[in-house]
Amino acid sequence: MLTYIVRRLMVLLVTLIVASLAIFVVLEVLPGDPALLVLGIEAQDDTLAALRAQMGLDRPAPVRYIEWIGGLASGTTGISHTYAVPVSELIGERLAVTIPLALIALIVSTLIAIPVGMFAATRRGRTGDYAVMGFSQVGMAIPNFWFAILSILIFAVALGWFPASGFPGWDTGFATALWALVLPALSLALPEAAILARVTRTSVLDTLGADYVRTAHAKGLAPRRVLWGHVLRNALIPMTTIIGLQFAFLLAGSIVIEAVFALPGLGRLIFQSVSQRDLVVLRDVVLLLVVFVVVVNFLVDVAYSMIDPRARRAA
Amino acid sequence: MSDVATSLQADRWSRAMRHPNFLIGAVLTGLLAAFALLSLVWTPHPFDAVAISERMQGPSAAHWLGTDHFGRDIATRLMIGARNSIVVGVVAVGIGMLVGVTLGVLAAARSGWIDEIVTRGSDVVFAFPAIVSAILITAIFGPGAVNAIIAIGIFNIPVFARVSRGAARQVWGLEYTRAGLAIGKSKAAVTRDHVLPNIASVLIVQATIQFAVAILAEAALAYLGLGTQPPAPSWGRMLFDAQTFMILDPKLAVLPGLAIALAVLGLNLLGDGLRDVLDPRLRAERIG
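Given the structure is predicted, the values throughout are model-derived calculations rather than measurements. (Residues numbered from 1 in each chain as written. Chains lettered and ligands numbered in written order. Predicted model: local features only at pLDDT ≥ 70, side-chain atom pairs only at ≥ 80, totals over all residues. Heavy atoms only, no water.)

S.K.: Teacher, can you tell me more about the environment of Leu106(B) here?
M.R.: Residues and elements named next belong to chain B. Within the secondary structure layout, Leu106 lies in helix α3 (residues 74-110). Under the relative-accessibility criterion, Leu106 is labelled partly exposed at 37%. Distance in space between the C-alpha atoms of Leu106 and Ser164 is 9.6 Å, their sequence separation being 58 residues. Look past the residues within four positions of Leu106 in its chain and what remains in contact with it is Ser111 and Ile114. (Helix = DSSP H or I, 4+ residues; strand = E, 2+ residues; numbered from the N terminus. Buried < 20%, exposed > 50% of the residue type's maximum accessible area, 1.4 Å probe, protein only. Contact = heavy atoms within 4.5 Å.)

Have a look at this one:
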């Protein structure tokens, strides 16, 4: 077990190093001089040179890479060119929108998908199953940003129940702020729920045929207790994998949804830092998302191998 | 053709005809392709014919689906949008398959360090959420349809590398590949003669699903302003424009989304059906 975890950790580290190198190289070739963008095209040559030096752009690339990673390792980030605050502060502010958004979406999609998927599995081949599977096909085909636009049209514009866009900030009160996240979270959640419902159905079906389920029925346990106690608990293993991976992708998926609702989240930050060539911000945000994906993958793999020793050999 | 092959084909055909997902998917995908092809030779109006006096009209004999905020014919723009989506899907999946399958079967045939590099390389590309790498790529090369397609294609490379590597390794474990080596065929020849034909079904199914994923991704990029640039029509950009005017005219927000959803639904159902028809044992992964 320990050797497996150590080996997986090594792979994780190598993946992160290669990914961070890739980010650095990509941003190196990004056209556009950040100093020129800050000062405007009429800037004096010596002012430009001074700002480049201040931004650290005059030093060779390998030095700047090591400074970047070394800084992150010791817990310091660069200063944003456009916002003039440390990147960590900026990211913290934005995560206060994106993390709750992704979490609500994850909870909503799980709460919808598990009962619906179990319902379909227990009615395999009957009308209920076909209805659920049909709806989930439609759910997977609907682009989340289209769903978002339609929900604005219906629930914000026509009915006036929710704000159409923007985020008032957590200091305006928990309920007001949370209310502004309802439509965005639903838009993120529904297509994910459609996928998760299918996964739930498949893994519940796989478990229903197991010997211990037959034993549970044979010893006279109530069908409901067999379903929730034995079947669901075992079916949860593959579902946890998908739920874990979904969280990482919900964070990234929020880029489009944040654009639809004009929410000041991490996705908007990526978008703005690209258009403003704020590379100091961009590299940290992209790396943060990558770290998220890689770490979630790692945790899922390790959890898997603890539950199922066969997974250790397969990896 | 031998009797076995004919009966296999007949069997597949009868399975296809009894498979509702396959039939619905084939019809929807067929319609998508038909509208796209038709737009090459004929559209109801020129796609950029602006007529401000006729803006945001309802459906009529002249404009079957009405007009947008510039008075342009929506049916025309949806048809060209269909063509756009097909090009995106074909090229993005093509890039992914060409590079990904080559790497995947190479990794399966050679194993060792080549396998290690392909596997780890896929891990690194997968670590970047697709939309993030697309934003980075369009940031370097500029926004536009071509760059968006390349970005989606790059994301498809590890998808196909993984799927083809896994499937090819299974084939390499079978006796007939060993037999091929034993009679003196090279690994490349065995890959060409035995491995590729046997993993073709998996790849076809995966390609259908990635086609749908590519259409969704391009629509999202176009919505963000990173894909097809106006005035060229694309479904994603039409939705972006609609957001400003949908209070005055809701159909602007409904029609392009419906087109995307139907195209994606058709391809997903077709992929589902193809999987059952080509090989009932297969289970394709949905990645992306």
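S.K.: Would you mind going over the nonpolar core with me for this structure?
M.R.: Nonpolar side chains tend toward joint burial in soluble globular proteins. Residues Leu282(A), Ile131(B) and Trp235(B) are the most contacted members of the largest nonpolar core, which totals 136 residues. Among the elements that take part in this core, helix α8 (residues 187-223) of chain B stands out by supplying 15 residues, more than any other. Ignoring sequence-local partners within four residues, the contact set of Trp235(B) consists of Leu32(B), Leu78(B), Gly81(B), Ala82(B), Ser85(B), Pro256(B), Ala259(B), Ile260(B) and Ala263(B). Counting residues in each nonpolar core, the second largest holds 15 residues, with Val204(A), Ala210(A), Ala216(A) and Ala235(A) among its members. (Core = buried A, V, L, I, M, F, W, Y, C linked by side-chain atoms within 4.5 Å.)

S.K.: What exactly am I supposed to notice about the pattern of salt bridges here?
M.R.: Oppositely charged side chains may form a pair once their charged atoms are brought near each other. One pass over the structure, following the stated rule, counts 17 salt bridges over all chains. Note that Arg198(A) is salt-bridged to Asp272(B), the shortest N-O span being 3.9 Å. Here the residue Arg198(A) occupies a position in helix α8 (residues 174-208), and Asp272(B) occupies one in helix α10 (residues 251-278), the pair thus bridging two chains. Each of the two residues, Arg198(A) as well as Asp272(B), counts as buried. Here Arg275(B) ties to Asp272(B) by a salt bridge, and the two come within 3.3 Å at their closest N and O atoms. With a gap of three residues between them, Arg275(B) and Asp272(B) both fall in helix α10, about one helical turn apart. Residues Arg275(B) and Asp272(B) agree in their burial class; the two are buried. Residues joined in a network through salt bridges with shared partners are Arg198(A), Asp272(B), Arg275(B) and Asp276(B). (Salt bridge = Lys/Arg side-chain N within 4 Å of Asp/Glu carboxyl O.)

S.K.: What exactly am I supposed to notice about the domain arrangement of chain A here?
M.R.: Where the parts come together, the accessible area they lose is often given as the size of the interface. Residues and elements named next belong to chain A. One can read the domain layout of chain A as domain 1 (32-76) and domain 2 (87-314). Each of domain 1 and domain 2 has a C-alpha centre, and the two are 38 Å apart. Taken together, the five residues of domain 1 in the interface contact six residues of domain 2. Counting the surface lost from both domain 1 and domain 2, the interface buries some 520 Å², and carbon and sulfur atoms represent 72% of this. At the boundary of domain 1 with domain 2, the tally comes to zero salt bridges. The interface formed by domain 1 and domain 2 holds one residue pair in polar contact (both at pLDDT 80 or more) in total. Mapped by element, the contributors of at least two residues to the side of domain 1 that touches domain 2 are α2 (34-39) and α4 (61-73). Across the side of domain 1 that touches domain 2, the residue classes break down as four nonpolar, one polar and no charged. (Domains from an automatic or database assignment. Buried area = accessible area lost by both parts, 1.4 Å probe. Polar contact = N/O pair within 3.5 Å; in protein donor to acceptor, adjacent residues only side chain to side chain. Nonpolar A, V, L, I, M, F, W, Y, C, P; charged D, E, K, R; others polar.)

S.K.: So what exactly am I meant to see when it comes to the packing of aromatic side chains here?
M.R.: The description of two aromatic rings rests on the distance between their centres and on the angle between their planes. All names here are of chain A. Across all of its chains, the model carries 10 aromatic pairs over all chains by this definition. When the centroid spacing of 6.3 Å and the interplanar angle of 20° are considered together, the rings of Phe24 and Trp68 count as stacked. Placement of Phe24 in helix α1 (residues 2-29) and of Trp68 in helix α4 is noted, with a sequence separation of 44 residues between them. Judged by its relative accessible area of 9%, Phe24 falls in the buried class. An aromatic cluster of at least three residues, connected via ring pairs, comprises Phe24, Tyr65 and Trp68. (Phe/Tyr/Trp six-rings, centres within 6.5 Å; stacked < 30°, edge-to-face > 60°.)

S.K.: Would you mind going over the environment of Thr200(A) with me for this structure?
M.R.: All names here are of chain A. With respect to the element layout, Thr200 can be found in helix α8. According to the relative accessible area criterion, Thr200 is buried, its value standing at 0%. With 107 residues separating them in the primary sequence, Thr200 and Ile307 have C-alpha atoms 18 Å apart. Excluding anything up to four places from it in sequence, Thr200 contacts Ala113, Ile114, Gly117, Met118 and Met239.

S.K.: Even after reading the chapter, I still don't get unusual backbone geometry, so can you show me in this structure?
M.R.: Excluding glycine, residues mostly carry a negative phi; peptide bonds, for their part, are mostly trans. A cis geometry characterises the amide bond from Pro230(B) onward to Pro231(B), with omega recorded as 10°. In this structure, Pro231(B) sits in the loop between α8 and α9 (235-245). Positive phi is not limited to glycine here, since Ala84(A) has a value of about 55°. Its location among the elements puts Ala84(A) in the loop between α4 and α5 (87-122). Assessed through its relative accessible area of 58%, Ala84(A) is described here as exposed. Its identity is not glycine, yet Ala262(A) carries a phi of approximately 50°, on the positive side.

S.K.: It is not clear to me how the environment of Phe70(B) should be interpreted in this structure. Could you clarify?
M.R.: All names here are of chain B. Looking at the element boundaries, Phe70 is found in the loop between α2 (20-41) and α3. Once the C-alpha coordinates of Phe70 and Ala51 are considered, the two residues, 19 residues apart in sequence, prove to be 6.2 Å apart. The contacts of Phe70, once residues within four sequence positions are left out, are Val50, Ala51, Ile52 and Arg55.

S.K.: Is there a simple way to explain the interface of chain B and chain A in this structure?
M.R.: Listed as interface residues are 37 residues of chain B and, on the opposing side, 42 residues of chain A. The junction of chain B with chain A conceals about 3,300 Å² of combined surface from both sides, 83% of it contributed by carbon and sulfur atoms. Our count for the contact surface shared by chain B and chain A stands at one salt bridge. Across the contact surface, chain B and chain A share two residue pairs in polar contact (both at pLDDT 80 or more). At the level of secondary structure, the elements contributing two or more residues to the side of chain B that touches chain A comprise α4 (112-127), α5 (130-141), α8, α9 and α10 of chain B. Looking at side-chain class alone, the side of chain B that touches chain A contains 29 nonpolar, four polar and four charged residues.

S.K.: How should α8(A) be read in this particular structure?
M.R.: The periodicity of an α-helix, 3.6 residues per turn, causes residues three or four positions apart to be oriented the same way. Here α8(A) is 35 residues long, yet its end C-alpha atoms lie only 43 Å apart, well below the 51 Å a rise of 1.5 Å per residue gives. Of all the bends found along α8(A), the most pronounced is centred on Val182(A) and spans about 35°, while Pro184(A), a proline, follows it within four residues. (Expected span 1.5 Å × (residues − 1). Bend = angle between axes of the 7 residues up to and from the residue.)

S.K.: Just checking my understanding: could you explain the confidence of the model for chain B for this structure?
M.R.: Detailed reading of the predicted coordinates is not advisable wherever pLDDT falls low. All names here are of chain B. Considering every residue of chain B, the mean pLDDT works out to 86; 95% of them sit at 70 or more. The least confident element of chain B is helix α1 (residues 3-17), whose mean pLDDT is 73; the most confident is α3, at 92. In this model, residues 283-288 is a region of pLDDT below 50 whose contacts with residues beyond four sequence positions or in other chains number 19 contacts. (pLDDT = per-residue confidence, 0-100.)

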